[in-house]
Amino acid sequence: MPGLLRYGHALTGNPHDGADLVQGVLEKIGSRWNSVVHKTGDPLAYTRRAMANAHISRWRRTRRENLVAEIPDTVVTRERYSFEDEPLWHALRELPPRQRAVIVLRYYEGLSETEIAHTLGVSAGTVKSQASKAMATLRTKLAATVEGRYES
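Our subject in this report is the structure included herewith. (Residues numbered from 1 in each chain as written. Predicted model: local features only at pLDDT ≥ 70, side-chain atom pairs only at ≥ 80, totals over all residues. Heavy atoms only, no water.)

Some remarks on the environment of Glu 109
Convention followed: Only DSSP runs of H or I covering at least 4 residues are called helices, and only runs of E covering at least 2 are called strands; the numbering of each starts at the N terminus. Only heavy atoms matter for contacts: two residues are in contact if any of them lie within 4.5 Å across the pair. Polar contact is defined as a pair of N or O atoms within 3.5 Å, subject to the rule that within protein one atom must be able to donate a hydrogen and the other to accept it, and that residues adjacent in sequence are counted only when both atoms are side-chain atoms.
Looking at where Glu 109 falls in the secondary structure, it is placed in the loop between α6 (97–108) and α7 (113–120). Distance in space between the C-alpha atoms of Glu 109 and Arg 6 is 8.7 Å, their sequence separation being 103 residues. Those residues in contact with Glu 109 that sit more than four places away from it in its chain are Gly 3, Arg 6, Tyr 7, Arg 48 and Val 104. There is a polar contact of 3.2 Å between the side chain of Glu 109 and the side chain of Arg 48.

Structure follows, in structure tokens:
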């Protein structure tokens, strides 16, 4: 469970949304857990794949704009976490969901390319290309951040 919560947090960028993601996926597959264990052979990989798919689906649904007639007067404040201001965390959150999932599984969870491909249900080549694109994006964003700090 702690590993799934860490994975959910890294996918969503927020521990609360990550916990909601874990709970939602476990609710969906919980009723058929025995068949998941027997058919897949690796229920943890199946659960991670379901989490990545659910996160991508949620991201696609919520990225649409919601137009309102009037701007709300209240300012929403939320609890800030100490690592939210880290440049790497900002850059990671800006990656597309699939690239973020590959990076989190590779460097945060320590899975191999083959395990990631199995977890996400994609080919090893897709994992390599997504990781390459994500790393290039992260390098660019972090280099710009470092340059900005030294110019100030």
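Focus on the nonpolar core
The following threshold applies: Residues belong to one nonpolar core when they are buried, are Ala, Val, Leu, Ile, Met, Phe, Trp, Tyr or Cys, and are joined through side-chain atoms within 4.5 Å. In this scheme, a residue with accessible area under 20% of its type's maximum is buried, one over 50% is exposed, and one in between is partly exposed, where area comes from a 1.4 Å probe on protein chains only.
With 28 residues, the main nonpolar core has Tyr 7, Met 51, Ile 116 and Leu 120 as its most contacted residues. Of all elements in the fold, only α1 (2–12), α2 (15–30), α4 (43–62), α5 (87–93), α6, α7 and α8 (124–151) reach the threshold of two or more residues within this core. Examining the composition of this core, we find that 5 residues originate from one element, α6, more than from any other. In contact with Leu 120, other than residues within four places in its own chain, are Tyr 7, Arg 49, Ala 52, Ala 101, Val 102 and Leu 105.

Brief notes about α2
Convention followed: Given the number of residues in a helix, its expected span is that number minus one, multiplied by 1.5 Å. As used here, the arc belongs to the directions running from the helix axis to the C-beta atoms.
Relative to the 22 Å expected for 16 residues at 1.5 Å per residue, α2 spans 22 Å between its end C-alpha atoms, a close match to the ideal helical length. For α2, the full list of buried residues reads Gly 18, Leu 21, Val 22, Val 25 and Ile 29. Down the axis of α2, the smallest arc covering the buried residues is 95 degrees, so these residues share one side.

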